[in-house]
Amino acid sequence: MAPAHSSPALRPPGTSSFGPPRSRSCPLLLLAFAHITACFYNPSGTPDNGGADQTEGTVGTSGPGNPGDASTASTGQDEQPEASCSELAAQTLDILDKNCKQCHGPDSAALGSINYITNLDALIWNGKVVPGEPNNSAIYRRMSATMLPMPPESQEPRPSEDDIRAVEQWIAECAAVTGCGQNPWMTRTHVIDLIRNDLLNTQEISADARPFIRYFSLVHLYNYGWCDDQIEIYRHALSKLANSLSNEIVVVPPVPIDPDKLIFRIDIRDYGWDAAGRVLDVATNTFVEEFPDTWELIADKDPYALEFIGDSAEDVKQATNTKFFLLQADAFVEVSAQPPLYHDILRIPATRFELEASFGIDVDANVTQEIEINPDRVGRAAFHESGVSAFNRVIERHAFPNASYRVYWITHDFQSNAGDANVFLDPFNFVEDASEIIYSLPNGLQGYMIVNAEGNRLDDAPSQIVQDKNAPDGVVRNGKSCMGCHSVGVINKEDDLRWEVDHNLGQGDFDDNQLDAIRALYPKRDTFNALLALDSGRFVSAIIAAGVPVGGDKEPIVTVFNAFDEAVELRRAAAELWTTETTLREKLGQLSPALDDLDKSPTGVPRDVFTAAYADAICQLKVGITKACK
């Protein structure tokens, strides 16, 4: 366990080092020509965080383009469109993403010199969309053309008539609307004060609990100009991922501490993150780094983690016993939903055999026992088509010996259907090339592991065996790929092997003993489907307990993960750097030359470029302290 935490007593506002009570007055600046309104949170008159707050409330005029809002200036301060522009923009983006991204997206061949089809700002900037004029907008004209439309008529999927009408309506009514770009700006001083006041709320947090309290922020999305319904999926992703990285028995959603639900509190004990954080080197099967608790491990591996400065920040750091009391929520999703951090948070060992032993499961012994005495503790199914592999697949379910509500699933995957890889010829002694593991976490959600033929842990599944259709590179990456695929639990696949044997359609020539063994190990479809439904039901119940909607065409974690990897334009960069667009533009010359394109290109800079420059930019802007400052 982690060492004991201690917390100094927090003093109420207005006393000692906290200084006088701070005003929350916020003058609304009506800028000419419907520029964005701004709200200043610098009540003391002197900057609290190194001086950068002096200009935090000065907001530029461009707005966000991903994933939903248009970003050009509004034509009238009080003008309200009849349509819901937030919904229309999100719908338009989704249509372009599904139908056009393959040829015109960020990682495409950029046909027609367009590689920004999912950036609504860039479409307007480059004249492909003319706000208010669908018929003069190249995007709409090509989509609605009767001759040589785009996408080409031979391509699937294609936008429906309703899709095309939605794009037309967005261009006509919403492409010139700032959406929620008029959100009052939330400074980091205000955010830290909210956290400080939350820690003082003894009805919510006892003094003994303070050292275990941590926070996640979605403020940057709000400051970027996103509307509440756009941010909602990020809230869902945060809750689902935090609980999917938990080793505790209860699902505990993060708690919002502000009316806009942008800052979320967690108690790291609710997820088992108060235990020591350790980094496992799978090559040597030894721990090579150790941290006081798992939160410190997460913060160390998060390139967006920063130590805030200022009096209020110092109070919060002392109370919580950490320099990193607040993390950017979508950056947490990006770094924690994939290896290596995913493995280290869940303490997934180097081999499947170590994992199975920790559960008290002996897969080979269980299979032998199932064939010999049929205790109904193992069920296996084989099928020709899986949706993720071009070859046969076997899935196998084992009940936990001392926890009836927990199960262990393992797949057997092949890179051909020939020889000893053909399970339909030999249902018992086939030789797999890789396996994917799904196991019940104590709280009902699921953990995942990918292993090779020898049972050694892998970060990515072999691409010649399985593919992730939702990943830009097609790679099945442990954690996030599995969460995206299994959004409602283990996928229901009907067995082919037992069914074919029972209907005399099997490929193998089996004797009576083999037929009995098949019927013992491979349940009938109805029986196996009932087990799948049972496990899926438990998983769905846990998802609901996390406050996450079930179903829909966008799994929250994968959606946020993929969105985070999109290019970063100027206003988004400013929001993530806890400064304003105006300030960032003024100070770009002081930052890494790699960020120069923030002010030159409508698409900004690639996410990896921004990430590499982030820590140093935080130092140069005097926002806080990172590794680059030392």
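Structure's up top.
The model shown is predicted, which means the values in this text are computed figures rather than measured ones. Residue numbering note: each chain is counted from 1, following its sequence as written. Given that this is a predicted model, residues contribute local features only at a pLDDT of at least 70 and side-chain atom pairs are listed and counted only at 80 or more, while totals for whole chains, interfaces and linings are drawn from all residues. Heavy atoms from the whole structure form the basis of all side-chain values; hydrogens and water molecules are not counted.

1. Observations concerning the overall build of the protein chain
Here is the rule we go by: Here a strand is any run of E in DSSP of at least two residues, a helix any run of H or I of at least four, and the numbering for each starts at the N terminus. Partly exposed describes any residue whose relative accessible area lies between the buried limit of under 20% and the exposed limit of over 50%, with all areas from a 1.4 Å probe on protein chains only and scaled to the type maximum. Throughout, a residue-residue contact means that at least one pair of heavy atoms, one from each residue, lies within 4.5 Å. All accessibility values rest on the Shrake-Rupley procedure with a 1.4 Å probe; residue burial counts only the protein chains present in the view.
Counting its regular elements, the protein chain contains 22 helices and 14 strands. Scored against the burial criterion, the 630 residues of the protein chain give a buried share of 55%. In the protein chain, of all internal contacts separated by at least 6 residues, the share reaching a separation of at least 24 is 68%. Entry remark: accessible area of the protein chain is about 26,200 Å², with carbon and sulfur atoms responsible for 50%.

2. Comments concerning the pattern of salt bridges
Where we set the bar: Whenever a carboxyl oxygen of Asp or Glu lies within 4 Å of a side-chain nitrogen of Lys or Arg, that contact is scored as a salt bridge.
One pass over the structure, following the stated rule, counts 36 salt bridges. Of the charged contacts in the structure, one is a salt bridge between D330 and R572, with a shortest N-O distance of 2.9 Å. Note that D330 is positioned in helix α11 (residues 329–336) and R572 in helix α20 (residues 570–576), a separation of 242 residues in sequence.

3. Quick word on helix α6 (residues 188–200)
Here is the rule: Here the expected length of a helix is defined as 1.5 Å per residue gap, with one fewer gap than residues.
Across its 13 residues, α6 extends 18 Å between first and last C-alpha, which sits within 8% of the 18 Å expected from 1.5 Å per residue. By the criterion of burial, α6 is predominantly enclosed, with 11 of the 13 residues buried. Of the positions making up α6, those classed as buried are R188, T189, H190, V191, I192, D193, I195, R196, D198, L199 and L200. In this fold, the buried residues of α6 make contact with β1 (213–217), α7 (219–224), β3 (263–267), β6 (307–308), α10 (311–320) and β7 (326–328).

4. Comments concerning the sheet that holds strand β8 (residues 378–383)
Condition: When DSSP finds two or more bridges between a pair of strands, those strands are recorded as paired.
An order of β8-β9-β10-β11-β12-β13 is seen for the six strands of this open sheet, with the pairing classed as antiparallel. In this open sheet, the two strands that pair with only one neighbour each are β8 and β13 (457–458).

5. Topic: empty space enclosed by the protein
The condition is simple: Throughout, the protein atoms alone are placed on a 1 Å grid, and a set of points is a cavity if a 1.4 Å probe fits but cannot get out or a pocket if it is open with protein on both sides within 12 Å along at least five of seven lines; lining residues have an atom within 4 Å of a point. Grid points are joined across faces, edges and corners, and a volume is the space filled by probe spheres set on the points. Polar here means any residue outside two lists: the nonpolar Ala, Val, Leu, Ile, Met, Phe, Trp, Tyr, Cys and Pro, and the charged Asp, Glu, Lys and Arg; Gly therefore counts as polar.
For the coordinates displayed, the defined rule picks out two cavities of 30 Å³ or more. Here the largest cavity defines a volume of roughly 80 Å³. Elements that contribute at least two residues to the lining of the largest cavity include exactly β7 and α20. Looking at which element gives the most residues to the lining of the largest cavity, the answer is β7, with three residues. The volume enclosed by the second largest cavity comes to roughly 30 Å³. Lining the second largest cavity, in full, are D468, N470, K480, S481, G484, C485 and V558. Considering each element in turn, the lining of the second largest cavity owes the most residues, four residues, to helix α15 (residues 480–485). Among the residues forming the lining of the second largest cavity, the class breakdown is two nonpolar, three polar and two charged.

6. Notes on the state of the cysteines
Here is the rule we go by: Only a pair of cysteine sulfur atoms within 2.5 Å counts as a disulfide in this structure description.
Per the stated rule, a full pass over the model turns up one disulfide. The side chain of C619 participates in a disulfide bridge whose partner is C629; the two sulfur atoms lie 1.8 Å from each other. Disulfide C619-C629: the torsion about the S-S bond is -100 degrees, which places it as left-handed. Residue C619 is found in helix α22 (residues 607–620), and its partner C629 is found in the segment after β14 (624–625); the two are separated by 10 residues along the sequence. Assessed through its relative accessible area of 16%, C619 is described here as buried. In this structure C103 is a free cysteine whose sulfur lies 8.6 Å from that of C100, the closest cysteine sulfur available. We note that C482 lacks a disulfide partner, and the nearest cysteine sulfur, in C485, lies 7.7 Å from it.

7. Some thoughts on the packing of helix α8 (residues 228–244) against α11
Under the convention used in this document: With axes taken as lines fitted to C-alpha atoms, and helix axes fitted only over the stretch in contact, angles between N-to-C directions fall between 0 and 180 degrees. Here the word oblique covers every angle except those under 35 degrees (roughly parallel), over 145 (roughly antiparallel) and from 65 to 115 (roughly perpendicular). Crossing handedness is read from the near helix: turned anticlockwise from the far helix by less than a right angle, it gives a left-handed crossing, and turned clockwise, a right-handed one.
Two numbers describe how α8 lies on α11: the axes approach to 10 Å, and their chain directions differ by 45 degrees. What the angle tells us is that α8 and α11 run oblique. Note on packing geometry: the crossing formed by α8 with α11 is left-handed. On α11, the residues that touch Y234, A237, L238 and L241 of α8 are A329, D330, F332, V333 and S336. Of the residues that constitute the contact of α8 with α11, the class distribution is seven nonpolar, one polar and one charged.

8. As for the environment of S487
When you line up the elements, S487 lands in the loop between α15 and α16 (497–502). Considered as a pair, S487 and G551 are 64 residues apart in the sequence and their alpha carbons are 7.6 Å apart.

9. A closer look at the sheet that holds strand β2 (residues 255–256)
Pairing within the open sheet is mixed, and its four strands lie in the order β2-β3-β1-β7. Where the open sheet ends on each side, the last strands, each with one partner, are β2 and β7. Here β2 pairs with β3 via two bridges, running antiparallel. By the bridge assignment, P256 is partnered in β3 with F264. Against the sheet, helix α9 (residues 294–301) contacts β1, β3 and β7, and its axis sits at roughly 30 degrees relative to β1. Strands β1 and β7 of the sheet are contacted by α11, whose axis makes an angle of about 75 degrees with β7.

10. A few points about the environment of Q464
Spelled out, the test is: Any pair of nitrogen or oxygen atoms within 3.5 Å is treated as a polar contact; in protein, a donor-acceptor pairing is required on top of that, and neighbouring residues in sequence qualify only through side-chain atoms on both sides.
Position of Q464 among the secondary structure elements: in the loop between β13 and α15. Classification of Q464 by relative accessible area gives partly exposed; the value is 46%. For the pair Q464 and S389, spaced 75 residues apart in the sequence, the C-alpha separation amounts to 8.4 Å. A polar contact of 3.5 Å, which involves the side chain of Q464, links it to the side chain of Q415.

11. A few points about the pairing of β1
Taken across its five residues, β1 has five buried, putting it largely inside the fold. Of the two faces of β1, both are covered, the one formed by I213, Y215 and S217 as well as the one formed by R214 and F216. Across five bridges, the pairing between β1 and β3 is antiparallel. The residue of β3 that forms the bridge with S217 is I263. Two elements, β1 and β7, share three bridges in a ladder whose sense is parallel. Looking at the pairing, F216 lines up with L327 of β7.

12. A few points about the packing of aromatic side chains
Note the threshold: Ring geometry is summarised as follows: Phe, Tyr and Trp rings, the Trp one being its six-membered ring, pair when their centres sit within 6.5 Å, and such pairs are stacked at plane angles under 30 degrees, edge-to-face over 60 and tilted between the two.
Using the criterion set out here, one finds 17 aromatic pairs in the structure. Summarising the aromatic geometry, the rings of Y224 and W226 are spaced 5.8 Å apart at their centres and angled 50 degrees between planes, so their arrangement reads as tilted. Looking at W226, the relative accessible area reads 2%, which means it is buried. Here the aromatic rings of F359 and Y439 are separated by 5.1 Å at their centres, their planes lie at 45 degrees, and the arrangement is tilted. In this pair, F359 sits in helix α13 (residues 352–359) while Y439 sits in strand β11 (residues 434–440), placing the two residues 80 residues apart along the sequence. Here F359 and Y439 have matching classes, each one buried.

13. A word on helix α5 (residues 161–173)
Basically, it comes down to this: The arc in question is formed by the directions pointing from the helix axis toward the C-beta atoms.
Spanning 13 residues, α5 covers 18 Å between terminal C-alpha atoms, matching the ideal 18 Å at 1.5 Å per step. When α5 is considered as a whole, its buried residues turn out to be D163, I164, A166, V167, W170 and I171. The buried residues of α5 occupy an angular sector of 155 degrees when projected down its axis, which confines them to one face.

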